[in-house]
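Residue-level listing of the chains:
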Amino acid sequence: MSAKVTERRLVDVLVEYLRRTREVRREVPHYEKRIDVVTYLSSQDFVEGIEAKSRDWSRAVQQAMLNLTAVDFSYVALWAETAHRVDRSVLDEFGIGLISVGTRWGEVEVLVEARRSDLTNRFVRQQMSEHFGVEQTV
Amino acid sequence: MKIHLRFGMHKDIEVIHQAQDLLDGLVIPAHILAHQTASTAAFVCSLPNHAYVIDPMTWILQSPRERHRREDGSLRPSVGKWCDVIHAGLRSKLTTGSKTAALAVSDLPNLQEFCEGNLKFQTESVNLGHVDPRAKKYLDRYGTTLATPPRCVLAPYYQFGAVSDEWYKVSLDAATVTRALAGEMEVAPVVMCAASLLDSGSIDQIANDFGAFKRCFLWIDSLNQGIATVEEIKRVRALVGALAKKGCAVETLYGGFMMMLMKFDGMSAVSHGILYTQDKAGEQVPGGGGVPERYYIPRFHDFRSLSQTNLILKKHPELATGTPTADAVMAGDPDRIFVFASQPELLRRHFLEARRGECEILATKSVPQIIAGLKDAHTKYHASVSRLPNPDAPVTGGDQRGLDYLLTWATAFS
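Residues numbered from 1 in each chain as written. Chains lettered and ligands numbered in written order. Predicted model: local features only at pLDDT ≥ 70, side-chain atom pairs only at ≥ 80, totals over all residues.

## Here we look at the overall build of chain A
- Scanning chain A for helices and strands turns up five helices and six strands.
- Counting helices and strands in the order they occur from the N terminus, chain A gives α-β-β-β-α-β-α-α-β-β-α.
- In summary, chain A has a C-alpha radius of gyration of 14 Å against a globular reference of 14 Å for 138 residues, a match within 12%.
- Across its three principal directions, the C-alpha atoms of chain A cover 45 × 30 × 25 Å.
- Counting only residues that meet the buried cut, chain A has 42% of its 138 residues in that class.
- For chain A, contacts bridging at least 24 residues in sequence account for 51% of all contacts bridging at least 6. (Helix = DSSP H or I, 4+ residues; strand = E, 2+ residues; numbered from the N terminus. Rg over C-alpha atoms; globule rule 2.2 N^0.38 Å. Buried ≥ 20, exposed ≤ 12 C-beta atoms within 10 Å, placed from the backbone. Contact = placed C-beta atoms within 7 Å.)

## Re the nonpolar core
- Grouped together as the largest cluster of nonpolar side chains are 166 residues, with contacts concentrated most on Leu-14, Tyr-75, Val-76 and Ala-77 of chain A together with Trp-409 of chain B.
- Shared between two domains, this core takes at least three residues from each, and those domains are domain 1 (2-272) and domain 2 (294-412) of chain B.
- What Val-76 of chain A contacts, discounting residues up to four positions off in sequence, is Glu-51, Trp-57, Ala-60, Val-61, Ala-64, Ile-96 and Leu-98 of chain A. (Core = buried A, V, L, I, M, F, W, Y, C linked by C-beta atoms within 7 Å. Domains from an automatic or database assignment.)

## A closer look at the sheet that holds strand β9 (residues 267-272) of chain B
Residue and element names in this part refer to chain B.
- If you trace the seven strands from one edge of the open sheet to the other, you get β3-β2-β1-β9-β8-β7-β6, paired in parallel fashion. Strand pairing shows two members of the sheet lacking a second neighbour, β3 (51-55) and β6 (190-193), which therefore form its edges. Taken over all neighbouring pairs, the strand axes of this sheet differ in orientation by 25° on average, direction set aside.
- Here strand β8 (residues 249-252) pairs with β9 via three bridges, running parallel. Pairing of Val-250 across the sheet is with Met-267, part of β9. (Pairing = 2+ DSSP bridges. Axes fitted to C-alpha atoms, helices over the stretch in contact; angles between N-to-C directions.)

## Notes on the confidence of the model for chain B
Residues and elements named next belong to chain B.
- Confidence in the prediction for chain B averages 91 pLDDT; 92% of positions are at 70 or higher.
- In this model, residues 394-398 is a region of pLDDT below 50 whose contacts with residues beyond four sequence positions or in other chains number eight contacts.
- Both confidence scores are given for the complex: pTM 0.92, ipTM 0.92. (pLDDT = per-residue confidence, 0-100.)

## Focus on the interface of chain B and chain A
- The partner chain A presents 14 residues to the 15 residues of chain B that form the contact.
- Mapped onto the side of chain B that touches chain A, the elements with two or more residues apiece are α12 (306-315) and α14 (338-342) of chain B.
- Residue contributions to the side of chain B that touches chain A peak at six residues, all from α12 of chain B.
- Residues of the side of chain B that touches chain A, tallied by class, amount to eight nonpolar, four polar and three charged. (Nonpolar A, V, L, I, M, F, W, Y, C, P; charged D, E, K, R; others polar.)

## Points about the domain arrangement of chain B
All names here are of chain B.
- Here the domain parsing of chain B yields domain 1 (2-272) and domain 2 (294-412).
- In this structure, domain 1 and domain 2 have C-alpha centres spaced 29 Å apart.
- With 23 residues of domain 1 at the interface, the matching set in domain 2 holds 22 residues.
- Looking at the side of domain 1 that touches domain 2, the elements that each hand over two or more residues are α1 (13-18), α10 (230-245) and α11 (257-260).
- Its residues placed into classes, the side of domain 1 that touches domain 2 shows 14 nonpolar, six polar and three charged.

## Section: helix α4 (residues 77-86) of chain B
- For α4 of chain B, the buried fraction is high: eight of the 10 residues fall into the buried class.
- Looking at the buried side of α4 of chain B, the elements it contacts are α2 (30-35), α5 (90-95) and α6 (111-124) of chain B.

## Digging into the environment of Val-101 of chain A
- With respect to the helices, strands and loops of the structure, Val-101 of chain A is situated in strand β5 (residues 97-101).
- Not counting residues up to four positions away in its chain, the partners in contact with Val-101 of chain A are Leu-10, Val-13, Leu-14, Ala-77, Leu-78, Trp-79, Ala-80, Glu-107 and Val-108 of chain A.

## Quick notes on unusual backbone geometry
Residues and elements named next belong to chain A.
- Notably, Glu-27 is not glycine yet its phi reads approximately 50°, a positive angle.
- Within the secondary structure, Glu-27 sits in strand β1 (residues 23-30).
- By the C-beta count within 10 Å, which is 10 here, Glu-27 ends up exposed.
- Unusually for a residue other than glycine, Tyr-31 sits at a positive phi of about 50°.
- Looking at the secondary structure, you find Tyr-31 in the loop between β1 and β2 (33-41).
- In this structure Tyr-31 comes out as buried when scored by C-beta crowding, with 24 C-beta atoms within 10 Å.

Below you can see the structure in the form of structure tokens.
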């Protein structure tokens with residue numbers, strides 16, 4: 001299986017799981033990049049950003065750092081077999097969460113909860129909300 | 001220190017008009033002028049107070065032919081038109097022969113004819129009456145009728161790997177022939193090479209050969225100011241100094257603040273594009289586009305992607321200033337960096353204002369004061385910035401993360 005197909009499968013499993021409890025958008029523009037998965041939990045008014053990578057966890061963490069300005073909580077999602085390799089000190093330093101994803105539907109586990117970002121840009125955050133039809137004034 | 005803008009895309013014309021007070025002149029790539037002659041020439045004429053030069057772009061002949069060809073074997077339009085205006089035999093030299101091979105020196109057109117074609121193109125293309133009556137609509141749009149000659153003619157040039165190689169010789173010969181043809185018009189050669197070959201012997205020879213011209217342009221191949229070493233910077237400084245010592249006015253075709261610091265060695269002008277091309281590799285053929293917008297952080301003397309800039313400004317809101325545009329847009333609120341994403345013309349204006357501010361630094365501060373400023377920025381921000389990802393890496397080819405390059409400059413210019 002190619003890395004690209006594997007990553008798509010990872011996102012599919014992740015998104016199917018997330019959709020059980022929250023609204024989900026894929027490939028959401030954020031400045032010059034795109035966030036793999038953005039979710040919105042209306043009861044809490046939380047926006048979460050998730051970077052999914054099948055192999056390069058450090059790249060996923062870098063992308064998740066950049067997402068800190070766009071969302072309330074920033075996560076990386078990795079295959080279960082890769083998730084244990086992540087340097088947790090880096091996650092802790094930036095408050096980034098870690099999600100482990102298995103190959104079967106529903107095999108999703110939050111290994112590290114993200115801390116609320118203190119770097120969120122309110123204008124960018126508003127733009128993210130608008131992807132879910134939420135109008136806010138900042 | 002003069003700032004010359006390297007013209008790249010017609011969509012930037014409005015920004016350039018609005019920012020013309022921040023610029024001293026223009027560099028017009030020959031293939032763009034050849035491809036869109038009327039509109040480009042009229043644009044040049046619309047800025048009559050900004051002297052211009054035309055970059056002859058002859059170095060592209062050193063790239064494999066396939067880089068100039070489309071899938072059907074024909075030439076890319078801009079290169080094809082450029083060939084046609086410079087020399088009648090040039091097109092066939094690029095459309096025939098091995099696609100993976102570049103032209104050899106022996107493949108080049110007759111030197112005299114080639115120099116004549118280059119001289120005629122550079123001196124007459126912007127003289128609109130000679131070229132294209134369609135230019136009138138552009139001239140009317142800009143409300144100008146002036147036709148201005150370039151401030152000097154750039155001779156055909158090529159990248160050389162050693163002062164003993166034939167590309168060096170043909171570049172020098174082209175400059176000499178062009179000078180003989182040009183009469184009263186000033187002729188400037190372009191020295192295009194890597195910093196690594198600039199040992200003392202090479203520098204002496206280049207200075208002796210090219211220092212005989214009143215003006216000389218440099219293109220130090222791939223000298224990315226974010227990853228240049230102390231040794232590389234010192235070599236380039238030595239070349240600038242040696243040419244200046246001969247009485248030659250030295251300019252660089254591609255440069256940022258690091259090259260501007262060579263003002264103290266004799267550098268008189270830098271040119272660059274808007275947001276990009278502060279450095280360039282000879283392997284990069286013209287074209288491409290589609291690169292991300294970037295924000296210039298004046299204290300860093302360099303660009304960062306917008307996503308990374310947003311992070312940096314959240315951590316260090318005092319950096320959300322430095323130019324009239326940044327002050328007006330952000331008004332002390334770093335979240336308003338978001339505005340630049342939807343109004344990229346402001347990014348351009350901000351960069352050009354920052355560049356003008358850097359000229360002011362060079363004009364008013366001593367070298368020790370400037371070096372102290374570089375070290376101070378490193379001390380304050382490196383630890384924080386070096387932890388951030390570098391989304392520019394795929395674009396710049398560098399692995400620049402923190403601000404260690406500021407210390408490199410400080411050492412190289414001490």
